Amino acid sequence: GYTAAEGSIPDNATYTAPSVSGNGDKLVENTNKKITSDTKNIMLSFAAKVNDQKPADTYKNTVTMSVVSSPLKTTLSDITNMQNMTNSICSDSDIHETKQLRDTRDGKYYWVTKLADNKCWMTQNLDLDLSTKVALTPSDSDVASNWTPGFNTATEATVDTINIDSPAGTRSWSLGDYRIINPTISSDCGHPKNDFSQCPAQFTPYATPTTPNNDELAHYIAGNHYQWDTATAETGGSITEGQAASSICPRGWRLPTPNDANAGSFDNLVYTYSIGMDVAKFTSAPLYFVRSSYVSQSVNYLLSSAGDYGYYWSSNPYSATNRAYTLHFSSNSYVGPSTTGYRQDAFSVRCIAR
């Protein structure tokens, strides 16, 4: 038989016959999932019980000892950049594990959480400014080849920045560094507004962090607004089925789908968290969707109903060439995970890990 202990073997130790099941005996185990190094000193002692009926001979046996190590798992908490995300990292992360990750394209930090649908979501609006001088590349973005925006991100919604005659459009707007003040309460700023500074009752200054500040308020940043063909890196265009092939999300991320039953869709997220029509649940932890509204291509509306409406692009086109599927919520009791919006209007973007 044998006995094992960390340290010395006591004189009155109990000896156990080795297992003959084929699975062996476990001497010691470290169940921590984040072991970078581990040292243990195990004292092992063997004994034989022999009586006088045993024939005189030489007796021997073999004992095999082994150390089994599972691969070290990398989770959301272990990475630094949005572009480090992989399917296995998300899969190995715990539900509601969260981290502020850096987008290498501009150094901005975003809250990211593995939600209960088993997908890792941005729980903060994308705030990426686009430039005609900077291409998004497959090494940093969700694109198959280099894509250069046709317009710089505008800083005001005005008659000069909207494109009334375009059926789709490739423009974007950054209407100031602001966060919503009361995320769970509907408060309509009205229209037409040029930027969030004109909605002081609903929004207050707050810039997207460029260091991991661990501030929950960053979840509520309004972020930028993008036309659908911009959000899809011009792979949306006039398609009427399937999904846009690319997006302006970081590499390893994509736009959500609208209404399928699979994880990664707005509809499934609403179902998983039992949202129903309760907008307050949708705008609270752990989802943190923001009533950042939209930029209309009508001079009569521009930035419209900020503080009440929330619109978020999906990757899916509608059957009409001028519309695509969106998540839309408004007031205190309407959540539509599979509504449609005009592709030329500019909505918010949340990305999910591929």
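Moving on, we get to the pattern of salt bridges. Following the criterion strictly, the structure yields six salt bridges and no others. Between R105 and D103 there is a salt bridge, with the nearest N and O atoms lying 2.9 Å from each other. Judged by relative accessible area, which is 18%, R105 ranks as buried. In this structure, K108 engages D129 in a salt bridge whose closest nitrogen and oxygen atoms are separated by 4.0 Å. With K108 in the loop between strand 3 (98–102) and strand 4 (109–114) and D129 in the loop between strand 5 (120–122) and strand 6 (172–173), this pair connects stretches of sequence that are 21 residues apart. Each of K108, D127 and D129 takes part in a single network of salt bridges with overlapping partners.

Moving on: the packing of aromatic side chains. Within the structure shown, the criterion is met by 17 aromatic pairs. Ring geometry for W228 versus W313: centroids 6.4 Å apart, planes at 55°, classification tilted. Note that W228 is positioned in helix 2 (residues 228–231) and W313 in strand 13 (residues 310–317), a separation of 85 residues in sequence. Each member of the pair, W228 as well as W313, is classed as buried. Ring centres of Y318 and Y325 lie 5.6 Å apart, and the angle between their planes is 85°; on these two criteria the pair is classed as edge-to-face.

In terms of burial, strand 13 is a largely internal element, eight of the eight residues being buried. As judged from the five bridges shared by strand 13 and strand 14 (residues 323–330), these two strands associate in the antiparallel manner. The partner of Y312 across the bridge, within strand 14, is L327. Connecting the antiparallel pair strand 13 and strand 14 is a turn made up of five residues.

With that settled, consider the state of the cysteines. Taken as a whole, this structure holds three disulfides when the rule is applied. Here C189 is linked by a disulfide to C199, with a sulfur-sulfur distance of 2.0 Å. Its S-S torsion of approximately -90° makes the covalent link between C189 and C199 left-handed. Of the two residues, C189 is situated in the loop between strand 7 (178–180) and strand 8 (203–205) and C199 in the loop between strand 7 and strand 8; the sequence distance between them amounts to ten residues. Judged by its relative accessible area of 12%, C189 falls in the buried class. A relative accessible area of 1% places C199 in the buried class. The disulfide partner of C249 is C351, and the gap between their sulfur atoms is 2.1 Å. Judged by the sign of its S-S torsion, about -90°, the bond between C249 and C351 is left-handed. Residue C249 is found in the loop between helix 2 and strand 10 (253–254), and its partner C351 is found in the loop between strand 16 (346–347) and strand 17 (352–353); the two are separated by 102 residues along the sequence. Under the relative-accessibility criterion, C249 is labelled buried at 0%. For the protein, the bonded cysteines connect in the pattern 1-2, 3-4, 5-6 when numbered consecutively along the sequence.

Rules used throughout
Residues numbered from 1 in each chain as written. Predicted model: local features only at pLDDT ≥ 70, side-chain atom pairs only at ≥ 80, totals over all residues. Heavy atoms only, no water. Salt bridge = Lys/Arg side-chain N within 4 Å of Asp/Glu carboxyl O. Buried < 20%, exposed > 50% of the residue type's maximum accessible area, 1.4 Å probe, protein only. Helix = DSSP H or I, 4+ residues; strand = E, 2+ residues; numbered from the N terminus. Phe/Tyr/Trp six-rings, centres within 6.5 Å; stacked < 30°, edge-to-face > 60°. Pairing = 2+ DSSP bridges. Disulfide = S-S within 2.5 Å.

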